[in-house]
There are 2 protein chains.
Amino acid sequence: MAKDQEFVKDIANIDEDFATWYTDVVRKADLADYTDTKGCVAIKPYGYAIWENIKNYADKEFKETGIQNVYFPLLIPESLLQKEKDHVEGFAPEVAFVTEAGGEKLEEKLCIRPTSETMFSTLYSKWLKSWRDLPMEYNQWCSVLRWEKETRPFLRSREFLWQEGHTIHETEKEAIERTQKMLEIYAKIIEDLLAIPVLKGKKTEKEKFSGAEATYTVETLTRDGRALQSGTSHYFGQNFTKPFEIKFQNREGKEEYAYQTSWGISTRLIGALIMAHGDQRGLKLPPKVAPIQVKIIPIAMHKEGVLEKAEELRKELKEEFRVEVDSRDQVSPGFKFNECELKGIPVRIEIGPRDIENGKCILVRRDNLEKREIELKNIKQEIKQELENIQSNMYKICEKRLEDKIAEAKTLEEFETKINQNQGYIKAMWCGNEECENKIKEKTGAHSRCIPFEQEKIGNNCVCCGKPAEQMVIWGRQY
Amino acid sequence: MAKDQEFVKDIANIDEDFATWYTDVVRKADLADYTDTKGCVAIKPYGYAIWENIKNYADKEFKETGIQNVYFPLLIPESLLQKEKDHVEGFAPEVAFVTEAGGEKLEEKLCIRPTSETMFSTLYSKWLKSWRDLPMEYNQWCSVLRWEKETRPFLRSREFLWQEGHTIHETEKEAIERTQKMLEIYAKIIEDLLAIPVLKGKKTEKEKFSGAEATYTVETLTRDGRALQSGTSHYFGQNFTKPFEIKFQNREGKEEYAYQTSWGISTRLIGALIMAHGDQRGLKLPPKVAPIQVKIIPIAMHKEGVLEKAEELRKELKEEFRVEVDSRDQVSPGFKFNECELKGIPVRIEIGPRDIENGKCILVRRDNLEKREIELKNIKQEIKQELENIQSNMYKICEKRLEDKIAEAKTLEEFETKINQNQGYIKAMWCGNEECENKIKEKTGAHSRCIPFEQEKIGNNCVCCGKPAEQMVIWGRQY
């Protein structure tokens, strides 16, 4: 028993110290580990398998809408980065530079991409000739570097994995549609695959991407009521196409600048998963994204026929599910149960000699820890049904939390009281002035998350200055 | 007609200037383009789609043998790189260093990985405790940087995409088996997917990987008779596990150092593909790896029903094949035919009003340019059969070339004469002395390619010094 409790003992209390609980789970569930490169983690097989599932799902969605994958250089000459004023101001402080290579000092510093608008823009400018070449809609799966001061595995890392899509279009309308289409796909990935409901909306001027005309965002909520920006889609208008001279001959034979977008999701989604679903026992993975959906644990393994039966079940299930048998003999079944829970495996099957005799086994759900006996002859249908139940139950729990943690505020005092009492989102009217946005942040610690697409009229006046306000904004403290 | 011939006109003559022909094809067939980052190319959608097909095939093969994917940091502290003497000597001259980041000068320089033995070793040393943890068999798909002086798209680029597998094992035997297993998988990828026969063998001491105990290689041959190292698998013994202290408690309870391997293939395989199969018309892709297997070209497109029929065929074929319709109206069918050939699309279907009337269409094979009429009702079976024929015919052509371009030599004069007359591989006995290896290179321009697994006794004496020799080595000029 002492051994069985080791897992939980080593994880910080989720209600008292959520931040430490998070890093404990990342390491104990074997998702990632720290490395000798400060601020950069090693993503281990279990963590990477989650990323592969996200990537495969997303990549298929992208390609169905005509996106094509490419790979462009990691290193960008400093002069390219400087072509768009807002962009360089936003990113320069976080950039890492290569100054020596091949035994020599470089004439021009090369920056490691923090994002690739500048590289894509230079190449698009070289390739684009006529309206017939449009749209060009390319995406790359790669890593980027941003020299963050404070880091946290998956959530904020100096190097992280992501996809960055960059498109150019003939018209403003078409570009805006692509921006919105990608936001819809991101919402689908997060809601359908990761079982986390999102808020969708537009970022304020202050929070938008450096160089963008408009940034759209999908926001998720953590168990402790903080907001996580989980995917963004940017409309650039002609902000980059003009300095980078991305122009084409239009249908009337005249020269025109193209309209541009970019959009990205990253391994931060793994952080969102952990923080939305986890509990004191560890990770809790929605079946659709879980690298292992079913773990079979043989009981009294040394008894004749038990291991064989477990292996037989695995073979029966493996065409339909991602399934494994835990046949280690150096640890007890209790240890294996705990590890299964720590790793968030959706369904656990326990099978021992008596079960085999009775043609039965025990099925345990990770989401609610419910345990029941099932007939071996129905095992496939039972598991299929339970995986669906778990996926939708996990979504519902997050949906309920989202409802419970959205409050309205009409004054700054009400805002402060409510966010302190029940940390989460606050809906409040805003005049559109950045000064108010800054003051709200100072007072409450909350950033504007988005101007939601679904607007409500909570009042007529700005929650901060009291002046007339048209926009409802959703605010929240963030990771 | 003038327009139709533009493609060929713009490509250098393959027999007179193979090197320029190569870069012409890379750019004209839209595989890759140069960028503002010297020595680094942008891999375009068509080139990247080939890489995705290679990657998906390889990744599946790896996983079936128990390999797990991970992602470890791009940046490696300089001190880590220096832990294994031979390794740092081999790679240091080619390394790129980050010296500034986040607006500050770094205390310790960070190198961009040229390969990740050192990073994997540090982490394995942290994670490994007992023999029960072994083997650890991880792989990552990523990019690496090597500051080459002369570059050529895909073949030798400062940044390139690859996979690097790194494994540690309980015994020497198991590690050597993994090294060999990976070489077999590489041979399968190249022969089965890319339709290029390989030579398999061991590298000489001089040509082996910096820090390895032994390097195994798969070598391919280009149309102009040069050798391309196309995949390598290294056995390290304990060369890294000792300095990095990768040790474990063995079955007897004693501390022991693990045995290690690493292995990789890269986007260089795209170079191998182009150089093995291409002809004066451009690229020639084996069906299994071709991003587009079938291109449907409607003839007299403006006539009623033609485009509709082409689209109907596409829908019929798309479940089984990677198929596209070229419905552009600004270029002629002749232009489209040439482009199809330039891009190496295995099968082209031409369909016009008269064909539709007769329930027929024209099928053209890219490999031998054979053209024949087929019945529309049999189109699926016909295409399936032809794709198989093309795949095996392309392999046979390369196999024939390999036979024609392997010669034996008993003296250095014979070696020189033969390689100058008919550039290709030379089989010759070798005493094992590096001085002879160097002298052969000086005299003939040929490097040792491998000590093939299938040895033949061509003579009793070293081709260079005439002393007794046991080993037959295969030599060749390389890209």
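The rules behind these values
Residues numbered from 1 in each chain as written. Chains lettered and ligands numbered in written order. Predicted model: local features only at pLDDT ≥ 70, side-chain atom pairs only at ≥ 80, totals over all residues. Heavy atoms only, no water. Axes fitted to C-alpha atoms, helices over the stretch in contact; angles between N-to-C directions. Helix = DSSP H or I, 4+ residues; strand = E, 2+ residues; numbered from the N terminus. Parallel < 35°, antiparallel > 145°, perpendicular 65-115°, else oblique. Left-handed = near helix turned anticlockwise from the far one by under 90°. Contact = heavy atoms within 4.5 Å. Nonpolar A, V, L, I, M, F, W, Y, C, P; charged D, E, K, R; others polar. Buried < 20%, exposed > 50% of the residue type's maximum accessible area, 1.4 Å probe, protein only. Phe/Tyr/Trp six-rings, centres within 6.5 Å; stacked < 30°, edge-to-face > 60°. Lys NZ or Arg CZ within 6 Å of the ring centre and 35° of its normal. Buried area = accessible area lost by both parts, 1.4 Å probe. Salt bridge = Lys/Arg side-chain N within 4 Å of Asp/Glu carboxyl O. Polar contact = N/O pair within 3.5 Å; in protein donor to acceptor, adjacent residues only side chain to side chain. Pairing = 2+ DSSP bridges. 1 Å grid on protein atoms, 1.4 Å probe; cavity = no way out; pocket = protein on both sides within 12 Å on 5 of 7 lines; lining within 4 Å. Points joined across faces, edges and corners; volume = space filled by probe spheres on them. Least-squares fit on C-alpha atoms with pLDDT ≥ 70 in both. pLDDT = per-residue confidence, 0-100. Core = buried A, V, L, I, M, F, W, Y, C linked by side-chain atoms within 4.5 Å.

## Things to note about the packing of helix H3 (residues 45-64) of chain A against helix H3 (residues 45-64) of chain B
Then comes step 1: Running from N to C, H3 of chain A and H3 of chain B cross one another at 150°; their axes reach a closest spacing of 16 Å. The orientation of H3 of chain A relative to H3 of chain B falls into the category roughly antiparallel. As for the relative orientation of H3 of chain A and H3 of chain B, their crossing is left-handed in sense. For the pair H3 of chain A and H3 of chain B, the contacting residues are Glu-52, Lys-55, Asp-59 and Lys-63 of chain A in the first and Glu-52, Lys-55, Asp-59 and Lys-63 of chain B in the second.
Then comes step 2: Here the residues of the contact of H3 of chain A with H3 of chain B are counted per class, giving no nonpolar, no polar and eight charged.

## Comments concerning helix H6 (residues 117-127) of chain B
Then comes step 1: H6 of chain B sits mainly inside the fold: nine of its eleven residues count as buried.
Then comes step 2: Considered for burial, the residues of H6 of chain B that qualify are Glu-117, Thr-118, Met-119, Phe-120, Ser-121, Thr-122, Leu-123, Tyr-124 and Trp-127 of chain B.

## Thoughts on the packing of aromatic side chains
Then comes step 1: Going through the model one piece at a time under the given rule, you end up with 37 aromatic pairs over all chains.
Then comes step 2: The interplanar angle of 70° and the centroid separation of 5.5 Å between the aromatic rings of Phe-62 of chain B and Trp-263 of chain B together place this pair among those described as edge-to-face. Separated by 201 residues along the polypeptide, Phe-62 of chain B in helix H3 and Trp-263 of chain B in strand E14 (residues 259-266) bring together distant segments of the chain.
Then comes step 3: For Phe-62 of chain B, a relative accessible area of 1% puts it in the buried group.
Then comes step 4: Each member of the aromatic cluster is reached from another via a ring pair, and the members are Trp-51, Phe-62, Trp-141, Tyr-186 and Trp-263 of chain A.
Then comes step 5: Sitting over the ring of Tyr-46 of chain A, Lys-343 of chain A keeps its end group 4.7 Å from the ring centre.
Then comes step 6: Positioned above the aromatic ring of Phe-337 of chain B, the side-chain terminus of Arg-348 of chain B is 4.2 Å from the ring centre.

## Re the interface of chain A and chain B
Then comes step 1: Contacts between chain A and chain B engage 56 residues on the former and 56 residues on the latter.
Then comes step 2: Regarding the contact of chain A and chain B, the summed buried area is about 4500 Å², with carbon and sulfur atoms giving 58% of it.
Then comes step 3: Put simply, chain A and chain B have eight salt bridges between them.
Then comes step 4: In this structure, Asp-33 of chain B engages Lys-126 of chain A in a salt bridge whose closest nitrogen and oxygen atoms are separated by 3.3 Å.
Then comes step 5: Where chain A touches chain B, the interface holds 33 residue pairs in polar contact (both at pLDDT 80 or more).
Then comes step 6: Its residues assigned to classes, the side of chain A that touches chain B comprises 32 nonpolar, ten polar and 14 charged.
Then comes step 7: Strand direction decides the pairing type here: strand E5 (residues 96-101) of chain A and strand E5 (residues 96-101) of chain B, joined by five bridges, are antiparallel. Bridged to Phe-97 of chain A within E5 of chain B is Glu-100 of chain B.

## Things to note about empty space enclosed by the protein
With a probe scaled to a water molecule rolled over the atoms, the places where space remains empty come into view.
Then comes step 1: Using the criterion set out here, one finds seven cavities of 30 Å³ or more in the structure.
Then comes step 2: Each pocket or cavity is described by its volume, and for the largest cavity that value is around 310 Å³.
Then comes step 3: In terms of lining, the largest cavity is formed by 22 residues, of which the most central are Trp-141, Cys-142 and Ser-143 of chain A together with Trp-141 and Cys-142 of chain B.
Then comes step 4: The set of elements that each furnish at least two residues to the lining of the largest cavity consists of H3, strand E7 (136-145) and strand E8 (159-169) of chain A together with H3, strand E7 (136-145) and strand E8 (159-169) of chain B.

## Regarding the pattern of salt bridges
Residue and element names in this part refer to chain B.
Then comes step 1: Using the criterion set out here, one finds 93 salt bridges over all chains in the structure.
Then comes step 2: In this structure, the salt-bridge partner of Arg-348 is Glu-341, at a minimum N-O distance of 2.9 Å. Summarising the burial analysis for this pair, Arg-348 and Glu-341 share the class buried.

## Details of the relation of the copies chain A and chain B
Then comes step 1: Between chain A and chain B, which share one sequence, the superposing operator has a rotation angle of 180° and an axial displacement of 0.0 Å; the RMSD is 0.0 Å. The transformation just described matches what one would write down for a two-fold rotation axis. It is Val-98 of chain A whose C-alpha, among those of chain A, lies nearest the rotation axis, at 2.1 Å.
Then comes step 2: A share of 100% of interface residues in chain A that are also interface residues in chain B marks the association as one of identical surfaces.

## Some words on the pairing of strand E17 (residues 347-351) of chain B
Residue and element names in this part refer to chain B.
Then comes step 1: Counting buried residues along E17, five of its five residues qualify, which places the element largely inside the surrounding structure.
Then comes step 2: Sheet topology places strand E15 (residues 294-298) next to E17; five bridges connect them, and they run parallel. By the bridge assignment, Pro-298 is partnered in E17 with Ile-351.

## Quick word on the pairing of E7 of chain B
All names here are of chain B.
Then comes step 1: Across the ten residues of E7, ten count as buried, placing the element largely inside the fold.
Then comes step 2: The alternating pattern of E7 places Met-136, Tyr-138, Gln-140, Cys-142 and Val-144 and Glu-137, Asn-139, Trp-141, Ser-143 and Leu-145 on opposite faces, both of which are buried.
Then comes step 3: With two bridges joining them, strand E3 (residues 68-69) and E7 adopt parallel strand pairing. Across the sheet, the residue bridging to Asn-69 is Asn-139, located in E7.
Then comes step 4: In terms of strand pairing, E7 meets E8 through ten bridges, oriented antiparallel. The residue bridging Gln-140 from the neighbouring strand is Glu-164, located in E8.

## Describing the confidence of the model for chain A
Then comes step 1: Per-residue pLDDT for chain A has a mean of 96; in total, 98% of the residues score no lower than 70.
Then comes step 2: In the predicted complex, the global pTM is 0.97; the interface-specific ipTM is 0.96.

## Thoughts on the side chain of Ser-230 of chain B
Residue and element names in this part refer to chain B.
Then comes step 1: Counting through the fold element by element, Ser-230 comes out in strand E11 (residues 227-237).
Then comes step 2: At a separation of 2.9 Å, a polar atom in the side chain of Ser-230 contacts the side chain of Thr-220.
Then comes step 3: Every residue in contact with Ser-230, bar those within four places of it in the chain, is listed here: Ile-190, Val-218, Thr-220, Ile-265, Leu-269 and Ala-272.

## A short note on unusual backbone geometry
Then comes step 1: In this model, Leu-134 of chain A is joined to Pro-135 of chain A through a cis peptide bond whose omega is -5°.
Then comes step 2: Along the chain, Pro-135 of chain A falls in the loop between helix H6 (117-127) and E7.
Then comes step 3: Here Glu-245 of chain B, not a glycine, exhibits a phi torsion of approximately 50°, which is positive.
Then comes step 4: Looking at where Glu-245 of chain B falls in the secondary structure, it is placed in the loop between E11 and strand E12 (247-249).
Then comes step 5: Residue Glu-245 of chain B is classed as partly exposed on the basis of its relative accessible area, which comes to 44%.

## Looking at the sheet that holds strand E20 (residues 406-408) of chain B
Strand pairing in a sheet is mediated by backbone hydrogen bonds. Such pairs are either parallel or antiparallel.
Residue and element names in this part refer to chain B.
Then comes step 1: The strand order across the open sheet built from eleven strands is E3-E7-E8-E14-E11-E10-E9-E22-E23-E21-E20, with neighbouring strands paired in mixed fashion. The open sheet is flanked by E3 and E20, the only strands paired with a single partner.
Then comes step 2: Strand direction decides the pairing type here: strand E10 (residues 214-221) and E11, joined by eight bridges, are antiparallel. Of the residues in E11, the one forming a bridge with Val-218 is Gly-231.
Then comes step 3: Packed on one face of the sheet, helix H8 (residues 268-277) meets E10, E11 and E14 and runs near 145° to E11.

## Concerning the sheet that holds strand E6 (residues 104-112) of chain A
Then comes step 1: What the six strands build is an open sheet, ordered E4(A)-E6(A)-E5(A)-E5(B)-E6(B)-E4(B); its pairing is antiparallel. Two strands lie at the open edges of the sheet, namely strand E4 (75-77) of chain A together with strand E4 (75-77) of chain B, each paired on one side alone. Averaged over neighbouring strand pairs, the angle between their axes works out to 45° when direction is ignored.
Then comes step 2: Here three bridges tie E4 of chain B to strand E6 (residues 104-112) of chain B, and the two strands are oriented antiparallel to one another. The residue bridging Ile-76 of chain B from the neighbouring strand is Cys-111 of chain B, located in E6 of chain B.

## Points about the nonpolar core
Then comes step 1: In terms of nonpolar packing, the biggest core is built from 152 residues, with Ile-54, Ile-112 and Ile-274 of chain A together with Ile-54, Ile-112 and Ile-274 of chain B touching the most fellow members.
Then comes step 2: Not counting residues up to four positions away in its chain, the partners in contact with Ile-274 of chain A are Trp-21, Tyr-22, Val-25, Val-26, Leu-31, Phe-154 and Leu-283 of chain A.

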